[in-house]
Amino acid sequence: MAKDLPPNEGSQETEAMDYELEEESENEELEAWDDWEAEKDDVEEEGDVSDSDFLCFFCDSKYGSCDALFEHCSTSHRFDFRGIRTSLGLDFYGAFKLINYVRSQVAENRCWSCGVTCQSNQDLQNHLHETVNVEDIKPLWEDDRYLKPFMKDDSLLYSFGEDEEDYTASVDKEELMRDLENFEENAIDDENAGDTTAFSADTCDKNGGRIVSASNDYSPTASSLEKVIVNGVDSREHAGSAGRKLKDEHLRASFPTLIAKDIKNANKNYFGAYSSFGIHREMISDKVRTDAYRQAILKNPSLLNNAVVMDVGCGTGILSLFAAQAGASRVIAIDGSEKMTRVATQIAMDNGLWRSESQNEGNKHPTGVIEVVHGMVEELDKSLQVQPQSVDVLLSEWMGYCLLYESMLSSVLFARDRWLKPGGAILPDTATIFVAGFGRGGTSLPFWENVYGFNMSCIGKELVGDAAKIPIVDIVDNNDIVTSSGVLQTFDLATMKPNEVDFTASAVLESLSNDLECRTTWCYGVVLWFETGFTSRFCKEVPVVLSTSPSTPKTHWSQTILTFQEPIAMASAKPSGDRFAAVGTDACPATKIHLRISIARAVEHRSIDISLETAGIGPDGRKRKWPAQLFTL
């Protein structure tokens, strides 16, 4: 402190004394640091045996070193951790997130790179493939929720970076792990944000699917979180102050990485995922989807000719191109992905359809009609001035799995209320969710009952049990539908209110078995699908229906499967049923199944929560209810 004072007589003697004291103090501190490092090394040597098992990301194999594990994952499962880390330049925290992200996806039998959900872990291992461009999928694990260890006592998180001398010298990884385990908040706004929604850890097992949920009753500030982490390091009494200083500086420098971001981060990850060309190829290659939009746009000339069109979530701009081809006078294409905005602009230019501002201002008559804007539609006013209620046709392919996953419908309704003319068209203008019961063939049981002549049904039974906790997106064969279908909910996009996106509805399913012997069938769960309509209200020349039903050609949306906790026996009629037997059993099959299903936007942004209440009705009118089931998609 003396060196900060103004110089005075005798200052040289004071500085000399201070220097000697500082030097002596530093020597003592460094000795303490060396002693602590030696103790730490001894502890690490003692723990080598217990910490030597590194569990594979994808199977049950364990290895004695990180190198052996990573080599196995690369050769057996096509997951090159070292290569991905090097190509993306991932720091410790980035690699830490990647590990937790992959483990969380595998726990749900979901491919870490393309997002496809498989029926079993073995199916997932068979599905794993090389990733052409990992840069496109990097946003998937950038969410700070993956700073929280997914698997308890994951040795890999302690050891994967041991070859990084700079990091090892400055941070105690075990202590950092404890800090991260205590760091349960996952969506804290920065100082300039007003949203106080935070994410906290949910208690769930490895099959529980959802890892975090939102909480509004906890909103720590950045400074309070910094105090927790930094003080956690400072509390190490056995470490010298020199070591503490090194660790403090590292954590303070890395602290912005640890601060969780607000809801905008979820949007960034969402739009970042749509920067992958593979996703757009899959959607464009979906002939049912693309042809439905193409017919609705091109075969209804009275609707599109000389119209001002707004395309919400344009992606490659394929729907905007159709609109321009149909004779629209202006097409405003909006997308939240910066990359896809550039791509859509280039595509419009390459096809002579780009609306250039310089052309509009000069003497040259503009030949193009498409202008592409980067950003969320809710923030369009920041980028482009569009007069309210000036759009003739609002166009969007907003549907997600189970229709409402991704929560994009709210953005479409926002655009409708702000820019669509009174009486203007919205395409599509209706959407309907259907439900039906599926049988044994819709599960993985048949596959595991005969595997090259061997009975492995124990695996199938376990998978069916796991499926009762997690919704599955997959194709259901129409032959596996064992009940009547019912309409769960219908939306009129021209008139519905934004809060009507969340709903609770009921449906009654009846057995399809109508033979004289009253054969019993087993219903293992329900399957949800949707249809969207381009109705004659706006498409007067050629109305179009886009269906994702099991009875129509498959689409990239597949169907959404909700598995019962136990199968329900059904029959069209059985007058001689056992009155003392439980409804829904072989002795007393149900004649009907009553469903009550709620679908609501989840606290985890862009996800949806689904609750399923099931009751079986016996031939004598008795009712049996099963416990409600909760799913997060």
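Rules behind the numbers
- Residues numbered from 1 in each chain as written.
- Predicted model: local features only at pLDDT ≥ 70, side-chain atom pairs only at ≥ 80, totals over all residues.
- Heavy atoms only, no water.
- Helix = DSSP H or I, 4+ residues; strand = E, 2+ residues; numbered from the N terminus.
- Buried < 20%, exposed > 50% of the residue type's maximum accessible area, 1.4 Å probe, protein only.
- Areas by Shrake-Rupley, 256 points an atom, 1.4 Å probe, with all protein chains shown as cover.
- Pairing = 2+ DSSP bridges.
- Axes fitted to C-alpha atoms, helices over the stretch in contact; angles between N-to-C directions.
- Contact = heavy atoms within 4.5 Å.
- Expected span 1.5 Å × (residues − 1).
- Arc of directions from axis to C-beta.
- Phe/Tyr/Trp six-rings, centres within 6.5 Å; stacked < 30°, edge-to-face > 60°.
- Salt bridge = Lys/Arg side-chain N within 4 Å of Asp/Glu carboxyl O.
- Polar contact = N/O pair within 3.5 Å; in protein donor to acceptor, adjacent residues only side chain to side chain.
- pLDDT = per-residue confidence, 0-100.
- Parallel < 35°, antiparallel > 145°, perpendicular 65-115°, else oblique.
- Left-handed = near helix turned anticlockwise from the far one by under 90°.
- Nonpolar A, V, L, I, M, F, W, Y, C, P; charged D, E, K, R; others polar.

With that settled, the discussion passes to the overall build of the chain. The helix and strand tally for the chain stands at 21 helices and 19 strands. Across the 633 residues in the chain, those meeting the buried criterion constitute 49%. As presented, the chain carries roughly 31,000 Å² of accessible surface, and 49% of it is formed by carbon and sulfur atoms.

The next subject is the pairing of strand S18 (residues 608–617). Each regular strand carries side chains that alternate between the two faces of the sheet. Burial runs high along S18: 8 of the 10 residues are buried. Bridging between strand S17 (residues 592–601) and S18 involves 10 bridges; their strand directions are antiparallel. In the sheet register, Ala-600 faces S18, and the bridge partner there is Asp-609. With antiparallel pairing between neighbouring strands as the criterion, S18 and strand S19 (residues 623–632) make up a hairpin whose turn holds 5 residues, including Gly-621 at a positive phi of roughly 90°.

On to the sheet that holds strand S5 (residues 308–312), then. To summarise the sheet geometry, strands pair through backbone hydrogen bonds and adopt either a parallel or an antiparallel arrangement. The strand order S7-S6-S5-S8-S9 describes an open sheet built from 5 strands, whose pairing is parallel. Since the sheet does not close on itself, it has two edges, and those belong to strand S7 (370–374) and strand S9 (420–427), each with one partner. Direction aside, neighbouring strands of the sheet carry axes that sit 20° apart on average. As paired strands, strand S8 (residues 391–396) and S9 are joined by 4 bridges and run parallel to one another. Residue pairing across strands places Leu-395 opposite Leu-427, the latter belonging to S9. Helix H17 (residues 338–350) rests against strand S6 (330–335) and S7 of the sheet, and its axis sits at about 170° to S7.

Let's shift gears to the environment of Ile-608. When you line up the elements, Ile-608 lands in strand S18. The sequence separation of Ile-608 and Tyr-405 amounts to 203 residues, and the corresponding C-alpha distance is 5.8 Å. The contact partners of Ile-608, leaving out residues within four places of it in the chain, are Cys-402, Leu-404, Tyr-405, Ile-599, Ala-600, Arg-601, Ala-602, Phe-631, Thr-632 and Leu-633.

This paragraph deals with helix H2 (residues 66–77). Across its 12 residues, H2 extends 15 Å between first and last C-alpha, which sits within 8% of the 16 Å expected from 1.5 Å per residue. Residues of H2 that are buried include every one of Cys-66, Leu-69, Phe-70, His-72, Cys-73 and His-77, and no others. For H2, the angular spread of the buried residues around the axis is 155°, confining them to a single face. Turned more than 90 degrees off the buried face of H2, the exposed positions are Asp-67 and Thr-75. Among the structural elements, strand S1 (54–55), strand S2 (62–63), helix H3 (81–88), helix H5 (121–127) and helix H7 (155–159) are those in contact with the buried residues of H2. Taken from the residues just after H2, Arg-78 is the one with a positive phi, measuring 60°.

Turning our attention to the sheet that holds S19. Read from one edge of the open sheet, 4 strands run S13-S17-S18-S19, paired in antiparallel fashion. Of all strands in the sheet, those bounded by a partner on one side alone are strand S13 (503–510) and S19. Strand-to-strand twist across the sheet, computed as the mean angle between neighbouring axes with direction ignored, equals 15°. Where S18 meets S19, 8 bridges bridge the pair, whose relative direction is antiparallel. By the bridge assignment for S19, Gly-616 is matched with Arg-624.

As enumerated under the stated definition, the model contains 18 aromatic pairs in all. Ring geometry for Phe-491 versus Phe-503: centroids 5.8 Å apart, planes at 70°, classification edge-to-face. With a gap of 12 residues between them, Phe-491 in strand S12 (residues 481–492) and Phe-503 in strand S13 connect regions that are remote in the sequence. Look at Phe-491 and you get buried, because its relative accessible area is 2%. Relative accessible area serves as the criterion here: at 7%, Phe-503 is assigned to the buried category. Chaining the aromatic ring pairs together yields one cluster made of Phe-57, Phe-58, Phe-70, Phe-79, Phe-81, Tyr-101, Trp-112, Trp-141 and Tyr-146.

The next point concerns the pattern of salt bridges. Should their charged atoms come close, side chains of opposite charge can pair. Inspection of the entire model under this criterion finds 20 salt bridges. Close ionic contact of Arg-440 with Glu-449 constitutes a salt bridge, the shortest N to O distance being 1.8 Å. Classification of Glu-449 as partly exposed rests on a relative accessible area of 35%. Taken together, the salt bridges that share partners define one network made up of Arg-330, Arg-355 and Glu-371.

One can find Ser-598 in strand S17. Look at Ser-598 and you get buried, because its relative accessible area is 16%. Looking at Ser-598, its side chain comes within polar contact range of the side chain of Thr-504, at 2.7 Å. Excluding anything up to four places from it in sequence, Ser-598 contacts Phe-503, Thr-504, Asp-609, Ile-610 and Ser-611.

Moving on, we come to the confidence of the model for the chain. Confidence in the prediction of the chain, expressed as mean pLDDT, is 76, and 69% of residues score 70 or more. Across residues 270–274, where pLDDT falls below 50, the model places 16 contacts with residues more than four positions away in sequence or in other chains.

Moving on: the pairing of strand S16 (residues 559–570). Most of S16 sits out of view: 9 of its 12 residues are buried. In this sheet, S16 lies alongside strand S11 (residues 472–474) in antiparallel orientation, the contact comprising 3 bridges. Bridging from a neighbouring strand, Ile-472 pairs with Ile-561 of S16. Strand direction decides the pairing type here: strand S14 (residues 521–534) and S16, joined by 7 bridges, are antiparallel. Residue pairing in the sheet places Val-527 in a bridge with Ile-561 of S16.

Turning next to the packing of H3 against helix H4 (residues 92–107). It is the contact of H3 with H4, at a shortest axis distance of 11 Å, that shows an interaxial angle of 140°. The orientation of H3 with respect to H4, classified from their angle, is oblique. Seen from above, H3 lies across H4 with right-handed handedness. Seen from H3, the contacting residues are Phe-81, Ile-84 and Arg-85; seen from H4, they are Phe-92, Ala-95, Leu-98 and Ile-99. Broken down by class, the residue content of the contact of H3 with H4 amounts to 6 nonpolar, no polar and 1 charged.

What follows covers the environment of Gly-400. By the element assignment, Gly-400 lies in the loop between S8 and helix H19 (409–419). You can call Gly-400 buried: its relative accessible area is 1%. Separated by 130 residues in sequence, Gly-400 and Phe-530 have C-alpha atoms that sit 9.9 Å apart. Aside from chain neighbours lying at most four places away, what touches Gly-400 is Tyr-405, Glu-406, Phe-530 and Trp-557.

What follows covers unusual backbone geometry. Following Leu-427, the chain continues into Pro-428 via a peptide bond in cis, with omega recorded as -5°. Mapped onto the elements, Pro-428 comes out in the loop between S9 and strand S10 (430–438). Phi at Leu-403 takes a positive value of approximately 70°, unusual for a residue other than glycine. Within the secondary structure, Leu-403 is located in the loop between S8 and H19. Positive phi, normally seen in glycine, also occurs at Tyr-452, with a value near 55°.

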